[in-house]
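Descriptive analysis of the structure
One letter stands for each residue in the lines below.
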Amino acid sequence: VVLDQVLATASRRGVRLIVPFVDQNSWWGGIEEFAAWRGKPRDAFFTDPQLKEDYKRLVSLVLHRTNTLTGVRYMDDETVLAWELGNELKAPKEWVREMAAYLKRLDPNHLVAESYFTDPDNPGVDIVQDHLYQGDPVKMLDQIQASVKRAAGRKVYMVGEFGFITTEGMRAIMDTIIQEPDIAGG
C-alpha cells in the first residue's frame with residue numbers, strides 16, 4: 001500500500017519515478033534476504049535457477065499489481081519512468097541481460113534502468129547510471145566522464161546517486177550534470 005501512495009502522490013505532483021525491485025543491502029530488502037528465504041547464500045542470487053525464478057515472480061507481481069488508490073496497474077502507470085532491476089546490485093552481465101529481457105517482455109512500455117553500467121550493448125537496458133560515493137569529487141568526475149564515453153549515445157546516462165563530499169564537490173558534480181549534454185540528469 002505504501003508504493004500505491006507513493007505512485008499516487010507522484011502522479012498528482014507530476015513527478016516521474018525510477019522504481020527498483022530489490023536492493024543489494026539488507027536494510028531495504030536485499031538480495032541476501034531473497035536468497036535466505038530459500039536457505040541459500042547471498043552469492044547464489046545471480047546464478048541459482050530457483051532464485052532467478054523467484055526474482056522474476058516478484059517482478060511479475062509488482063508489474064501486475066493494481067494501485068488501490070488510482071485503480072491503475074503498475075505496468076500501465078505513466079508515473080513510472082523506469083523500472084530499475086535493483087539498487088546497486090553490481091549484477092553479472094548475464095543476469096542483467098536475462099532479467100532486462102524478461103522485464104521488457106512483460107512491460108514493453110516502460111524503460112528499464114540499471115544502477116551500475118555493465119553492458120552498453122544490452123538491448124534490454126535503456127538507462128544506465130552511476131551511484132557515486134567515493135568521497136573524492138575528482139574520482140567521481142572521472143567516473144562520470146568514463147561512463148559518458150561508454151554510453152556513447154547508445155544508452156541514456158544519468159548520475160543516479162552521489163554524495164558524501166564537500167559542498168564544492170557537490171557543486172562540481174551538479175555543474176557537470178547540467179553542462180554535459182550527454183548526461184540526462186542526476
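First, a word on what this report is: a plain description of the structure on this page. (Residues numbered from 1 in each chain as written. Predicted model: local features only at pLDDT ≥ 70, side-chain atom pairs only at ≥ 80, totals over all residues. Heavy atoms only, no water.)

**Concerning the sheet that holds strand E5 (residues 156-162)**
Stated formally: Any two strands with at least two DSSP-identified bridges between them are counted as paired. Numbering of helices and strands runs from the N terminus; a helix is a DSSP stretch of H or I covering at least four residues, while a strand is a stretch of E covering at least two. Every axis corresponds to a line fitted to the C-alpha atoms, with the helix fit spanning only the stretch in contact, and the corresponding angles, defined between N-to-C directions, vary from 0 to 180 degrees. Here, residues are in contact when the closest pair of their heavy atoms is within 4.5 Å.
Read across the open sheet, the five strands follow the order E1-E2-E3-E4-E5; overall the sheet is parallel. At either end of the open sheet lies a strand with only one pairing partner, and these are strand E1 (17-20) and E5. Neighbouring strand axes in the sheet, compared pairwise and without regard to direction, differ in orientation by 30 degrees on average. As paired elements, strand E2 (residues 80-84) and strand E3 (residues 111-114) share three bridges and run parallel to each other. Bridged to Trp83 within E3 is Val112. Sheet strands touched by helix H4 (residues 93-106): E2 and E3. Its angle to E3, the strand with the most contacts, is close to 160 degrees.

**Description of the pattern of salt bridges**
Side-chain pairing between opposite charges can occur once the charged atoms of the two side chains come close. Basically, it comes down to this: For salt bridges, the criterion is a side-chain nitrogen of Lys or Arg within 4 Å of an Asp or Glu carboxyl oxygen. Using a 1.4 Å probe on the protein chains alone, a residue whose accessible area is under 20% of its type maximum counts as buried, one over 50% counts as exposed, and one in between counts as partly exposed.
Applying the stated criterion across every chain, the model contains 10 salt bridges. The partner of Asp4 in a salt bridge is Arg65, with the nearest N and O atoms 2.7 Å apart. Of this pair, Asp4 sits in helix H1 (residues 2-13) while Arg65 sits in the loop between helix H3 (49-64) and E2, placing them 61 residues apart in sequence. The partly exposed category is assigned to Arg65, whose relative accessible area is 30%. We note a salt bridge from Arg97 to Asp119, for which the minimum N-O separation is 2.6 Å. In this pair, Arg97 sits in helix H4 while Asp119 sits in the loop between E3 and strand E4 (127-132), placing the two residues 22 residues apart along the sequence.

**Digging into the pairing of E5**
Heads up, the condition is: When the strands point away from the viewer, a crossover counts as right-handed if the route from the first strand across the helix to the second turns clockwise.
With six bridges connecting them, E4 and E5 associate as parallel partners. Bridging across to E5, Ile127 finds its partner in Val156. With respect to chirality, the unit in which E4 leads through helix H5 (residues 137-151) into the neighbouring parallel E5 is right-handed.

**Here's the deal with the nonpolar core**
The condition is simple: As used in this record, nonpolar core signifies buried Ala, Val, Leu, Ile, Met, Phe, Trp, Tyr and Cys residues forming a set joined through side-chain atoms within 4.5 Å.
Counting residues in each nonpolar core, the largest one holds 43 residues, and the members touching the most others are Tyr55, Trp83, Leu85 and Trp95. No other element matches the six residues that H4 contributes to this core. Beyond its immediate stretch of four places on either side in the chain, Trp83 contacts Val19, Phe21, Val62, Leu63, Tyr74, Met75, Leu103, Asp107, His110, Leu111, Val112 and Ala113.

**Describing the packing of aromatic side chains**
Between two aromatic rings, the relevant description is the distance of the centres plus the angle of the planes. Basically, it comes down to this: Centres within 6.5 Å make a pair out of two Phe, Tyr or Trp rings, where for Trp the six-membered ring is used; the pair is then stacked when the planes are under 30 degrees apart, edge-to-face when over 60, and tilted otherwise.
What the rule picks out here adds up to 11 aromatic pairs. Residues Phe21 and Tyr55 carry aromatic rings whose centres are separated by 6.4 Å and whose planes lie at 80 degrees to one another, so their mutual orientation is edge-to-face. One end of the pair, Phe21, is in the loop between E1 and helix H2 (31-36); the other, Tyr55, is in helix H3, with 34 residues separating them in the sequence. Residue Tyr55 is classed as buried on the basis of its relative accessible area, which comes to 1%. Relative to Trp95, the ring of Phe45 has its centre 5.6 Å away and its plane inclined at 40 degrees; by these criteria the two rings are tilted. Linking Phe45 in the loop between H2 and H3 with Trp95 in helix H4, this pair joins segments that are 50 residues apart in sequence. Ring-pair connections join several aromatic residues into one group, and the members of that group are Phe21, Phe34, Trp37, Phe45, Phe46, Tyr55, Trp83 and Trp95.

**Here's the deal with empty space enclosed by the protein**
The gaps of empty space that remain are located by a probe, the size of a water molecule, rolled over the atoms. Our working definition: Lining residues are those with an atom within 4 Å of a point, where the points come from a 1 Å grid over the protein atoms alone and group into cavities, where a 1.4 Å probe fits but cannot get out, or pockets, open sets with protein on both sides within 12 Å along at least five of seven lines. Grid points are joined across faces, edges and corners, and a volume is the space filled by probe spheres set on the points. When residues are grouped by polarity, Ala, Val, Leu, Ile, Met, Phe, Trp, Tyr, Cys and Pro land in nonpolar, Asp, Glu, Lys and Arg in charged, and all others, Gly among them, in polar.
Scanning all chains against the criterion turns up one cavity of 30 Å³ or more. Considering only enclosed or pocket space, the largest cavity measures out at about 70 Å³ in volume. Along its surface, the largest cavity is lined by Leu85, Gly86, Leu89, Lys90, Ala91, Trp95, Val96, Ala113, Glu114, Ser115 and Tyr116. The class makeup of the residues in the lining of the largest cavity is seven nonpolar, two polar and two charged.

**Points about unusual backbone geometry**
A positive phi angle, close to 55 degrees, is found at Glu88, a residue other than glycine. Tracing the chain through its elements places Glu88 in the loop between E2 and H4. The class for Glu88 is buried, based on a relative accessible area of 10%. Located in the positive-phi region is Lys90, a residue other than glycine, with phi close to 55 degrees. Relative to the helices and strands, Lys90 resides in the loop between E2 and H4.

Any link to function would need more than the numbers given here.
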